[in-house]
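# Residue-level structural notes
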Amino acid sequence: MQESSGRRIKRAIYLDFDSIRLLSQDELTALGQALPEVAALIQDTTAQRWSNVSVFRRYAETYLKAHPQVNSDCLCMVRELAPTQYGLPVELYCFSRDKRWVQYEHLQADVLDHVLTVMPYFGLRPYQVISSHQNEINHKKPE
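Now for a look at the structure at hand. (Residues numbered from 1 in each chain as written. Predicted model: local features only at pLDDT ≥ 70, side-chain atom pairs only at ≥ 80, totals over all residues. Heavy atoms only, no water.)

## Some thoughts on the sheet that holds strand β2 (residues 77-80)
Spelled out, the test is: Strands qualify as paired when DSSP identifies two bridges or more between them. Each helix corresponds to a stretch of at least 4 residues labelled H or I by DSSP, and each strand to a stretch of at least 2 residues labelled E; elements are numbered beginning at the N terminus. Geometry is summarised by axes, namely lines fitted to C-alpha atoms with helices restricted to the contacting stretch, and by angles between N-to-C directions that run from 0 to 180 degrees. Whether two residues are in contact is decided by their heavy atoms, any of which lying within 4.5 Å being enough.
Judged by pairing direction, the sheet is antiparallel, and its 3 strands sit side by side in the order β1-β3-β2 without closing on themselves. A strand with exactly one partner marks an edge of an open sheet, and here the two such strands are β1 (8-15) and β2. Strand after strand, the sheet turns through a mean of 20° between neighbouring axes, direction not considered. When β1 meets strand β3 (residues 88-95), the two strands line up antiparallel, connected through 8 bridges. Considered in β3, the bridge of K10 is made with Y93. Seen against the sheet, helix α3 (residues 52-66) touches β1, β2 and β3 and runs at an angle of roughly 155° to β2. Helix α4 (residues 101-118) rests against β1 and β3 of the sheet, and its axis sits at about 25° to β1.

Have a look at this one:
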């Protein structure tokens, strides 16, 4: 481990299929204003229609590659995996610079926190199985 280039981060976030859609030009403009990194990614929007997942993946990859604690000498990508009954998995794959366990875990958590918190800008929702407890709360009759 200590001789490697870094510790691998490999995490998937499952996107709710109902939140995946094409973005309008107005939505792309607003997204570029809210997240300036997006504007550079979608400069030529006349050539293609962008889906919110496509822009999200490109944003997340740009975020990872610019993160000072991610090892830029190692492979870094954000990709879609095969769809499942739990949604569309989008995998974050990169390596940390710091190999120490605690710092690695903090980086991994910080990256996931960031990606989850920007998802609403793209109109995306993570897929979440509703537990029976949650279902009881949502369907409880008022007294």
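Following the structure, the description resumes.
## A closer look at the nonpolar core
Operational definition: By convention a nonpolar core is built from buried Ala, Val, Leu, Ile, Met, Phe, Trp, Tyr and Cys residues, the set being connected through side-chain atoms within 4.5 Å. Only protein chains enter the accessibility calculation, which uses a 1.4 Å probe; a residue is then buried when its area is under 20% of its type maximum, exposed when over 50%, and partly exposed in between.
One finds L15, V38, V55, F56, L64, L92 and F122 to be the most contacted residues of the largest nonpolar core, which totals 33 residues. Where this core is concerned, the elements lending two or more residues are β1, α1 (25-34), α3, β3 and α4. When residues in this core are grouped by element, the largest group, 7 residues, is from α3.

## So, α4
Condition: Residue count minus one, scaled by 1.5 Å, sets the expected span of a helix.
Compared with an ideal rise of 1.5 Å per residue, which puts 18 residues at 26 Å, α4 spans 26 Å between its outermost C-alpha atoms and is within 8% of the ideal. Tucked into the core, α4 has its buried residues touching β1, α3 and β3.

## Observations concerning the pattern of salt bridges
Heads up, the rule is: Salt bridge criterion: a side-chain nitrogen from Lys or Arg within 4 Å of a carboxyl oxygen from Asp or Glu.
This structure, assessed with the given rule, holds 6 salt bridges. The shortest N-O distance in the salt bridge between K65 and E61 comes to 3.3 Å. Taken as a pair, K65 and E61 lie in helix α3 at a separation of 4 residues, close to a single helical turn. Judged by relative accessible area, which is 48%, K65 ranks as partly exposed.

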